[in-house]
Amino acid sequence: MKYLLDFNFRRGYIVYPSIVVVVGVFDKNLRANFMSCIWNTPLSFDPPLYGVSISPTRATYNLILEREEFSICFWPFDKVQDVEFFGTYSYREIDKSKDIKLIESIKTKTPIPERAYAVLECSLYDYTTYGDHTLFVGKILVIHFDENSTYELFNMPVLDLNKKKPVLYLGNGIYLTVDEKTILNLRK
Ligand SMILES: Cc1cc2nc3c(=O)[nH]c(=O)nc-3n(C[C@H](O)[C@H](O)[C@H](O)COP(=O)(O)O)c2cc1C
(Lines give C-alpha, C1' and ligand atoms only; values in the text may rest on other atoms or scores of the structure.)
Protein backbone atom coordinates (compact mmCIF):
# COMPACT_ATOMS: atom_id res chain seq x y z
CA MET A 1 0.00 0.00 0.00
CA LYS A 2 1.14 3.56 -0.72
CA TYR A 3 0.20 6.50 1.52
CA LEU A 4 -0.37 10.26 1.33
CA LEU A 5 0.77 12.73 3.99
CA ASP A 6 0.17 15.85 1.97
CA PHE A 7 -3.34 15.58 0.49
CA ASN A 8 -6.37 17.61 -0.56
CA PHE A 9 -9.38 16.02 1.18
CA ARG A 10 -11.68 18.02 -1.13
CA ARG A 11 -10.66 15.29 -3.56
CA GLY A 12 -11.07 12.54 -0.94
CA TYR A 13 -13.00 10.31 -3.34
CA ILE A 14 -11.29 7.21 -1.91
CA VAL A 15 -14.01 7.13 0.83
CA TYR A 16 -16.77 6.64 -1.76
CA PRO A 17 -19.05 5.15 -3.04
CA SER A 18 -21.76 6.01 -0.57
CA ILE A 19 -25.42 6.93 -0.66
CA VAL A 20 -26.42 10.50 -1.51
CA VAL A 21 -29.45 12.03 0.20
CA VAL A 22 -31.34 15.13 -0.83
CA VAL A 23 -31.94 17.64 1.97
CA GLY A 24 -35.23 19.51 1.56
CA VAL A 25 -36.19 22.72 3.35
CA PHE A 26 -38.75 25.47 2.80
CA ASP A 27 -37.93 29.16 2.75
CA LYS A 28 -40.10 31.72 4.56
CA ASN A 29 -42.40 31.96 1.51
CA LEU A 30 -42.76 28.16 1.51
CA ARG A 31 -40.73 27.73 -1.64
CA ALA A 32 -38.97 24.37 -1.35
CA ASN A 33 -35.23 23.99 -1.85
CA PHE A 34 -33.31 20.76 -2.35
CA MET A 35 -29.58 20.14 -1.91
CA SER A 36 -27.63 16.93 -2.55
CA CYS A 37 -25.65 15.70 0.44
CA ILE A 38 -23.11 12.88 0.34
CA TRP A 39 -21.90 13.49 3.91
CA ASN A 40 -24.87 11.97 5.70
CA THR A 41 -25.29 9.30 8.36
CA PRO A 42 -27.76 7.72 10.79
CA LEU A 43 -26.64 8.60 14.35
CA SER A 44 -28.98 7.12 16.96
CA PHE A 45 -31.82 4.57 17.29
CA ASP A 46 -33.52 6.18 20.28
CA PRO A 47 -34.15 9.01 19.82
CA PRO A 48 -34.00 8.40 16.07
CA LEU A 49 -31.35 10.84 14.77
CA TYR A 50 -29.85 11.43 11.31
CA GLY A 51 -26.94 13.77 10.52
CA VAL A 52 -26.15 15.81 7.42
CA SER A 53 -22.90 17.74 7.13
CA ILE A 54 -23.39 21.02 5.26
CA SER A 55 -21.01 23.82 4.36
CA PRO A 56 -22.02 27.34 5.51
CA THR A 57 -21.58 28.42 1.88
CA ARG A 58 -24.78 26.52 0.89
CA ALA A 59 -28.11 28.37 0.93
CA THR A 60 -29.53 25.27 2.64
CA TYR A 61 -27.34 26.00 5.68
CA ASN A 62 -29.19 29.28 6.41
CA LEU A 63 -32.59 27.87 5.50
CA ILE A 64 -32.19 25.06 8.06
CA LEU A 65 -31.14 27.55 10.75
CA GLU A 66 -34.15 29.74 9.91
CA ARG A 67 -36.77 26.98 9.91
CA GLU A 68 -35.22 24.49 12.34
CA GLU A 69 -36.64 21.58 10.37
CA PHE A 70 -35.78 19.75 7.16
CA SER A 71 -36.48 16.59 5.22
CA ILE A 72 -33.98 13.91 4.21
CA CYS A 73 -34.99 12.36 0.92
CA PHE A 74 -33.78 9.09 -0.61
CA TRP A 75 -33.84 9.50 -4.35
CA PRO A 76 -34.29 6.71 -6.93
CA PHE A 77 -31.51 6.08 -9.43
CA ASP A 78 -33.92 6.45 -12.35
CA LYS A 79 -34.08 10.16 -11.40
CA VAL A 80 -30.34 10.62 -10.73
CA GLN A 81 -30.23 13.74 -12.92
CA ASP A 82 -32.21 15.53 -10.17
CA VAL A 83 -29.43 14.76 -7.69
CA GLU A 84 -26.76 16.26 -9.94
CA PHE A 85 -29.02 19.28 -10.52
CA PHE A 86 -29.72 19.83 -6.79
CA GLY A 87 -25.99 19.55 -6.13
CA THR A 88 -24.74 21.92 -8.81
CA TYR A 89 -27.24 24.80 -8.67
CA SER A 90 -28.09 26.98 -5.69
CA TYR A 91 -31.36 28.28 -4.29
CA ARG A 92 -29.74 31.70 -4.77
CA GLU A 93 -29.80 31.37 -8.56
CA ILE A 94 -32.71 29.05 -9.41
CA ASP A 95 -35.96 27.56 -8.14
CA LYS A 96 -34.96 23.90 -7.80
CA SER A 97 -38.45 22.82 -6.73
CA LYS A 98 -40.20 23.88 -9.95
CA ASP A 99 -40.67 20.37 -11.39
CA ILE A 100 -40.86 18.50 -8.09
CA LYS A 101 -44.32 17.44 -6.97
CA LEU A 102 -44.72 17.53 -3.20
CA ILE A 103 -47.03 15.66 -0.86
CA GLU A 104 -48.13 16.98 2.53
CA SER A 105 -45.77 16.67 5.45
CA ILE A 106 -47.30 15.35 8.67
CA LYS A 107 -45.54 16.74 11.76
CA THR A 108 -43.35 19.49 10.30
CA LYS A 109 -43.61 21.92 7.43
CA THR A 110 -40.94 20.32 5.24
CA PRO A 111 -40.92 19.40 1.53
CA ILE A 112 -41.82 15.74 0.87
CA PRO A 113 -41.13 14.97 -2.81
CA GLU A 114 -43.45 12.39 -4.31
CA ARG A 115 -40.67 10.84 -6.41
CA ALA A 116 -38.40 9.96 -3.45
CA TYR A 117 -38.75 6.32 -2.32
CA ALA A 118 -38.32 7.37 1.33
CA VAL A 119 -38.31 10.67 3.20
CA LEU A 120 -37.45 11.41 6.84
CA GLU A 121 -39.31 14.37 8.30
CA CYS A 122 -36.92 15.92 10.83
CA SER A 123 -36.87 18.69 13.39
CA LEU A 124 -33.47 20.26 14.10
CA TYR A 125 -32.18 18.48 17.22
CA ASP A 126 -28.68 19.93 17.39
CA TYR A 127 -25.85 21.24 15.25
CA THR A 128 -22.09 21.54 15.64
CA THR A 129 -19.43 22.89 13.33
CA TYR A 130 -16.51 20.62 12.51
CA GLY A 131 -13.87 22.38 10.41
CA ASP A 132 -15.48 23.85 7.30
CA HIS A 133 -18.81 21.94 7.57
CA THR A 134 -21.62 21.91 10.12
CA LEU A 135 -23.24 18.66 11.20
CA PHE A 136 -26.99 19.24 11.43
CA VAL A 137 -28.65 16.54 13.47
CA GLY A 138 -32.28 15.88 12.65
CA LYS A 139 -34.69 14.12 14.97
CA ILE A 140 -36.80 11.86 12.76
CA LEU A 141 -40.48 12.48 13.48
CA VAL A 142 -42.06 10.71 10.50
CA ILE A 143 -40.80 8.20 7.92
CA HIS A 144 -42.55 8.42 4.55
CA PHE A 145 -41.99 5.53 2.16
CA ASP A 146 -43.24 4.30 -1.20
CA GLU A 147 -45.06 1.06 -0.48
CA ASN A 148 -44.68 -0.03 -4.12
CA SER A 149 -40.88 -0.05 -3.94
CA THR A 150 -40.40 -1.45 -0.44
CA TYR A 151 -41.18 -4.63 1.48
CA GLU A 152 -41.79 -5.07 5.19
CA LEU A 153 -39.30 -6.51 7.66
CA PHE A 154 -39.85 -6.33 11.45
CA ASN A 155 -42.74 -3.88 10.78
CA MET A 156 -40.42 -1.48 8.95
CA PRO A 157 -40.01 -0.74 5.24
CA VAL A 158 -36.93 -1.99 3.38
CA LEU A 159 -36.01 -0.90 -0.14
CA ASP A 160 -36.86 -3.60 -2.70
CA LEU A 161 -33.96 -3.42 -5.13
CA ASN A 162 -35.98 -5.17 -7.81
CA LYS A 163 -38.26 -2.13 -7.87
CA LYS A 164 -36.05 0.91 -7.16
CA LYS A 165 -32.32 1.47 -6.73
CA PRO A 166 -30.51 3.98 -4.50
CA VAL A 167 -28.23 6.75 -5.78
CA LEU A 168 -24.59 6.23 -4.82
CA TYR A 169 -21.81 8.69 -5.58
CA LEU A 170 -18.18 8.17 -6.51
CA GLY A 171 -17.23 11.87 -6.61
CA ASN A 172 -16.55 14.32 -9.42
CA GLY A 173 -20.02 13.99 -10.99
CA ILE A 174 -19.91 10.16 -11.19
CA TYR A 175 -22.93 8.23 -9.94
CA LEU A 176 -23.67 4.53 -9.66
CA THR A 177 -26.11 2.15 -8.06
CA VAL A 178 -26.18 -1.39 -6.66
CA ASP A 179 -26.64 -4.72 -8.40
CA GLU A 180 -29.19 -6.95 -6.65
CA LYS A 181 -27.31 -10.02 -7.97
CA THR A 182 -24.62 -9.30 -5.36
CA ILE A 183 -27.02 -9.63 -2.38
CA LEU A 184 -25.88 -12.23 0.17
CA ASN A 185 -28.06 -13.03 3.18
CA LEU A 186 -25.56 -14.45 5.68
CA ARG A 187 -28.21 -14.99 8.39
CA LYS A 188 -30.19 -17.65 6.55
C1 LIG B 1 -23.50 14.39 -5.26
C2 LIG B 1 -23.26 15.63 -4.46
C3 LIG B 1 -23.08 15.55 -3.09
C4 LIG B 1 -22.88 16.70 -2.31
N5 LIG B 1 -22.71 16.58 -0.97
C6 LIG B 1 -22.56 17.70 -0.22
C7 LIG B 1 -22.42 17.58 1.19
O8 LIG B 1 -22.40 16.49 1.77
N9 LIG B 1 -22.32 18.73 1.91
C10 LIG B 1 -22.31 19.97 1.32
O11 LIG B 1 -22.20 20.98 2.02
N12 LIG B 1 -22.43 20.09 -0.02
C13 LIG B 1 -22.58 18.99 -0.80
N14 LIG B 1 -22.72 19.11 -2.14
C15 LIG B 1 -22.76 20.44 -2.76
C16 LIG B 1 -24.16 21.08 -2.68
O17 LIG B 1 -25.17 20.14 -2.95
C18 LIG B 1 -24.22 22.24 -3.70
O19 LIG B 1 -23.28 23.24 -3.35
C20 LIG B 1 -25.61 22.83 -3.85
O21 LIG B 1 -25.61 23.64 -5.01
C22 LIG B 1 -26.05 23.66 -2.65
O23 LIG B 1 -27.35 24.12 -2.90
P24 LIG B 1 -28.00 25.32 -2.09
O25 LIG B 1 -27.10 26.55 -2.23
O26 LIG B 1 -29.33 25.52 -2.79
O27 LIG B 1 -28.12 24.87 -0.68
C28 LIG B 1 -22.87 17.96 -2.94
C29 LIG B 1 -23.03 18.05 -4.33
C30 LIG B 1 -23.21 16.88 -5.09
C31 LIG B 1 -23.38 16.98 -6.57
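Provided above is the structure to which this section pertains.
Conventions and cut-offs
- Numbers given for residues are sequential positions, taken from 1 along each chain in its written order.
- Per-residue local features are limited, in this predicted model, to residues with pLDDT of at least 70; the limit for side-chain atom pairs, both in listing and counting, is 80 or more; totals at the level of whole chains, interfaces and linings are taken over all residues.
- No hydrogens and no water enter the side-chain calculation; it runs on all heavy atoms of the structure.
- Buried, partly exposed and exposed residues are distinguished by accessible area as a fraction of the type maximum, computed with a 1.4 Å probe on protein chains only: under 20%, between the cut-offs, and over 50%, respectively.
- For helices the rule is a DSSP run of H or I covering at least 4 residues; for strands it is a run of E covering at least 2, with both sets numbered from the N terminus onward.
- We call two residues in contact whenever any of their non-hydrogen atoms come within 4.5 Å of each other.
- Being near a molecule or strand, for a residue, means having at least one of its heavy atoms within 4 Å of it.
- Nitrogen and oxygen atoms within 3.5 Å of one another constitute a polar contact, given that in protein one can donate a hydrogen and the other can accept it, and given that sequence-neighbouring residues count only through two side-chain atoms.
- We get accessible surface area from the Shrake-Rupley algorithm with a probe of 1.4 Å; when it comes to residues, only the shown protein chains can shield them.
- Between 30 and 60 degrees the pair is tilted, below 30 it is stacked and above 60 it is edge-to-face, where a pair is any two Phe, Tyr or Trp rings, Trp via its six-membered ring, whose centres lie within 6.5 Å.
- Buried Ala, Val, Leu, Ile, Met, Phe, Trp, Tyr and Cys residues form a nonpolar core when they are joined through side-chain atoms within 4.5 Å.

A. The arrangement of helix H1 (residues 59–67) in detail. Residues of H1 that are buried include every one of Ala59, Thr60, Tyr61, Leu63 and Ile64, and no others. For H1, the elements touching its buried residues are strand S2 (21–26), strand S3 (32–37), strand S5 (49–54), strand S6 (69–74), strand S9 (118–130) and strand S10 (133–145). Where H1 ends, the next residue or the one after it, Glu68, has phi of about 60°, a positive value.

B. Summary view of the site of the ligand. Every one of the 22 residues lining the ligand counts as a neighbour, but Thr60, Tyr89, Ser90, Tyr91 and Lys96 are closest to it. In this structure, Ile38 approaches the ligand through a main-chain N or O atom, which is 2.9 Å from a nitrogen atom. Take Arg58: an N or O atom from its side chain is 2.9 Å from a nitrogen atom of the ligand. Compared with its free state, where it exposes 650 Å², the ligand has 91% of that area covered by protein. Of all elements in the fold, only S3, S5 and H1 reach the threshold of two or more residues within the shell around the ligand. No other element matches S3, which puts four residues into the shell around the ligand.

C. Local environment of the environment of Glu147. Assignment of secondary structure puts Glu147 in the loop between S10 and strand S11 (150–153). Residue Glu147 is classed as exposed on the basis of its relative accessible area of 64%. Counting along the chain gives twelve residues from Glu147 to Leu159, while the straight-line C-alpha distance between them is 9.3 Å.

D. Looking closely at the packing of aromatic side chains. Tallied over the full model, the rule gives 13 aromatic pairs. Measuring from ring centre to ring centre gives 6.3 Å for Tyr13 and Tyr16, while their planes differ by 40°; the resulting arrangement is tilted. The partly exposed category is assigned to Tyr13, whose relative accessible area is 25%. Both rings, one in Tyr50 and one in Phe74, keep their centres 6.1 Å apart while their planes meet at 85°; by these two values the pair is edge-to-face. Here the residue Tyr50 occupies a position in strand S5, and Phe74 occupies one in strand S6, the gap between them amounting to 24 residues. Accessibility expressed as a relative area gives 12% for Phe74, which makes it buried.

E. Spatial organisation of the nonpolar core. In this structure, Val52, Phe70 and Ile72 are the most contacted members of the largest nonpolar core, which totals 23 residues. Breaking this core down by element, the ones donating at least two residues are S2, S3, S5, H1, S6, S9 and S10. Ranked by residues supplied to this core, first place goes to S9 with four residues. Look past the residues within four positions of Ile72 in its chain and what remains in contact with it is Val21, Val22, Tyr50, Val52, Ala118, Val119, Leu120 and Cys122. Among the nonpolar cores identified, the runner-up in size contains 18 residues, and Ala32, Cys73, Trp75 and Ala116 belong to it.

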